[in-house]
Each structure stands twice: as structure tokens, then as C-alpha cells.
Amino acid sequence: MMGRFDRYLLSQQMRIFGFFALVLVLVYWINRAVVLFDQLIADGHSATVFFEFTALSLPNVIRLVAPIAAFAAAVYVANRMAGESELVVAQSSGLSPWILLRPVALFGLLCAAGTLVLTLVLVPLSLRMLADRTADLSRDVTASLLVEGAFLHPADDVTFYIARITDRGELQGVFLSDARSDRQQITYTARSALLLKSESGPVLAMFDGQVQTLQQADDRLTVTRFDEFAFDIGSLMKMPTAGRRRIREVATAELLNPDPALVDETRSSVPALVFSAHERVSQGLLALVAPLLGFACMLQGRFSRFGAWRQIVLGVASLIALNLTGNIATDAILNGAAHWSLIYGPIAGGLVATLVLAWIAAHPGWLLRHGPWRRGAPA
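Not measured: the values here are computed from a predicted model.

1. Digging into helix 9 (residues 309-334)
Helix length check: helix 9 (26 residues) gives 37 Å between terminal C-alpha atoms against 38 Å at 1.5 Å per residue, within 8%. What helix 9 keeps buried is the set Gln-311, Gly-315, Ser-318, Leu-319, Leu-322, Gly-326, Ala-329, Thr-330 and Ile-333. For helix 9, the elements touching its buried residues are helix 2 (47-83), helix 8 (270-298) and helix 10 (345-362). In the segment just after helix 9, Gly-336 is the residue with positive phi, at about 80°.

This is the structure in C-alpha cells:
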């Protein structure tokens, strides 16, 4: 009977967790997708690139919503069971708050395990891949330059124009003006051209055209005709690279054992790197504490026909307090006022609060007998 109840409560929480996680992920994803769509599609990139970027951003989004979804699932299931008198029947049949919290603890462990995989492995990996792909797309100027009938400015004092682009990718009626130099202005025109890739960057191969060089000192114009001419498009703009890694892109194993090269790359200190690794662990453990704390809050008080809004408010306030103490601990550690182990303080505090609330639920008359509001207590 006990195992059957545990499985029932666990299945209810997992089902509701999946629903809340899906809704929250969709909300975050839509907000992110709107920005990505404007940036990528407007620059001429395909829908495949758009979906690739959104997929790489999903692990970080799921990591953010997992503790919230776990908390919401535990509170929702407890509130539904209380409304349908299932909790009253369970407690009347001899199930103590400790036994009721057992499947919630298993549910929290499953959520924490999945969140730890995200925070320790998948999120740093996906963020690094996202940074690399962003740099690759920035280096690939083909998509942004292949626009018919528009004067483009890939760099200051540089103008690029294409009259027509054929189905085979041939550029017709090419115009390129380079006025970056104070001494001369160079204008390239070509009947046709191809935009090619090379190891050094994109190259514009022009055919059947001419180069007009205007000397600023004496306004002397020189015209040179050519059959074939290659122009280094990469010289027109600064071609970005993925560059140094940020701390959130570094693997957790490297953060736990930082070497001088990593310190120099991230421009951080050894304590800050070690703290970042443990912060990832604490973020994963939050998915364990949040549902336990929420369910323990829902066990407080007696059944009321007006609902369990007081318990829900208590649970939300407890979760907010847990996050606030985590932020305070993080600030204290980053300012050098505390050791990195303080980051686990809110997690430990949440577990202690859960135990205290479970004990109070198991002894409902204790506060009435020993609290300051007991009968006969001095004013």
C-alpha cells in the first residue's frame, strides 16, 4: 500500500512537472526566438540557422525553469490532493508528513539529477558551441552581402552594390567603392563576379571590369581594365573570432582545477573560477530543495473550504527567500567577504526549513501549547 501511494504521488508530480516545464520553456523560448529571428533572418540567414541557435539556447533555458517547474508541480499536486480530501484521507490512515515527503524527495532527486547534468555539462557545452557558431556566422559575410539592388555598407567609407543575382549564384553588375584611405579612392566595377570562400576569408572574384583610382592630392584619375581580379572582402571589415572563453562556457572540471592559462583566458581569479563550479552544483540542488519546501508548506494548517491560499503564499515566500539568500551569498563570495562554501548555505537552510515544517505538521498542537499566543501566556 505504501509503495503504491508513493508511485501515485510521484507519477502525479512528474506529469505536472512536465506540463509546467513545457509552458515555461515555451515562454522563454518565444522571447528568445523573436530576438534571434530579427537578427538572423534579417541578415539573410536560413531558417536552419535560426533553429540551430534556438536549440543551442534551450539547455540554459531548461536549467533556469527546472527548479520553478518542480516547485510548482509539488505545490499544485498538494493543493489538488487537499482540495479532493486525498491528503486528509492519507493522514487519517496513518501516513505521517515524513512518509508523505518521501515520494516528493524522490521527485526532487530526479529533478536535481537532470538539472545537474544541464548545469555541469550541457549548458557550458551549448554556450561554447553557440559562441563558436556566432563567430562563424559573423565571419560569413556572404549572406549579408548578397542583396540585389541595394547599396550596402559593410564598413565605413565602403559601398557595395549588386544589380542582379542569377540562379547559379553569379553576381551581375557589381560596384565596389573603397574610400577608406585619405590619399585615394578606389572604385571597382565588373560585369560579373563570384563570392568565394578561402582560408583567409571571403574573396570577391570579379570578371570583365575596371579599377578607377582617384588621387586626392591632385584629382588625378587612373583607369585600369581587367579580365579577372580578386578582391579580399575580409580586408573591408574586422572578422570576429570566438575569442577567449567566458567563465560560463568553461567545462566544470576545468573550473574545479584551474591552471594559469585558464586564469589568463577568463581574466579571473582561481577562487572565482572554483566558486563558479560550485555555483553550478548549487543551482542543480535547488531543484531538490524547491519541491520539498513547497510540499512541506502545503502540509501546514488544517483543511479549509476557502482553499489553501495561505499555504501557497507561504511556499512562494519561502522560495523567494531561498533565492534572495542565494543572491546575498553570491555577492558576499564575489566581494571576497566569504568562502565559496557559503553558496551551499541556502540549500542547507532550505532542507532545514523543510524538516522544521514537516515536524510542525506532525505535531500540529505544539505551537498552540508553546507559542507566544498560547492560553494564559503573559502579554
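Back to the write-up after that little detour.
2. Section: the environment of Tyr-76
Here Tyr-76 shows up in helix 2. Distance in space between the C-alpha atoms of Tyr-76 and Gln-12 is 9.7 Å, their sequence separation being 64 residues. Among residues more than four places away in sequence, those in contact with Tyr-76 are Ile-16 and Phe-20.

3. Quick look at the packing of helix 8 against helix 10
Remark: helix 8 packs on helix 10, axes separated minimally by 9 Å, with the N-to-C direction vectors making an angle of 20°. Classified by the angle their axes make, helix 8 and helix 10 are roughly parallel. In this structure, helix 8 meets helix 10 at a crossing whose hand is left-handed. Facing Ser-282, Leu-285, Leu-286, Val-289, Leu-292, Leu-293, Ala-296 and Cys-297 of helix 8, the residues of helix 10 in contact are Ile-347, Gly-350, Leu-351, Ala-353, Thr-354 and Leu-357. The class makeup of the residues in the contact of helix 8 with helix 10 is eleven nonpolar, three polar and no charged.

4. Some details on the packing of helix 2 against helix 9
Here helix 2 crosses helix 9 at 165°, and the two axes come no closer than 11 Å. Judged by the angle between their axes, helix 2 and helix 9 are roughly antiparallel. Crossing of helix 2 over helix 9 shows right-handed handedness. Two secondary-structure elements touch here, helix 2 through Phe-71, Val-75 and Asn-79 and helix 9 through Ile-312, Gly-315, Val-316 and Leu-319. For the contact of helix 2 with helix 9, the class distribution of residues is five nonpolar, two polar and no charged.

5. Things to note about a nonpolar patch on the surface
A cluster of nonpolar side chains, contributed by Phe-19, Val-23, Val-27, Tyr-28 and Leu-64, occupies part of the molecular surface with about 430 Å² of accessible area. Considering every element that reaches the nonpolar patch, the biggest residue donor is helix 1 (residues 2-42), with four residues. Its location among the elements puts Phe-19 in helix 1.

Cut-offs used in this document
- Residues numbered from 1 in each chain as written.
- Predicted model: local features only at pLDDT ≥ 70, side-chain atom pairs only at ≥ 80, totals over all residues.
- Heavy atoms only, no water.
- Helix = DSSP H or I, 4+ residues; strand = E, 2+ residues; numbered from the N terminus.
- Expected span 1.5 Å × (residues − 1).
- Buried < 20%, exposed > 50% of the residue type's maximum accessible area, 1.4 Å probe, protein only.
- Contact = heavy atoms within 4.5 Å.
- Axes fitted to C-alpha atoms, helices over the stretch in contact; angles between N-to-C directions.
- Parallel < 35°, antiparallel > 145°, perpendicular 65-115°, else oblique.
- Left-handed = near helix turned anticlockwise from the far one by under 90°.
- Nonpolar A, V, L, I, M, F, W, Y, C, P; charged D, E, K, R; others polar.
- Patch = residues over 30% accessible without salt bridge, like charges linked within 9 Å, V, L, I, M, F, W, Y side chains within 5 Å.
- Areas by Shrake-Rupley, 256 points an atom, 1.4 Å probe, with all protein chains shown as cover.
- Salt bridge = Lys/Arg side-chain N within 4 Å of Asp/Glu carboxyl O.

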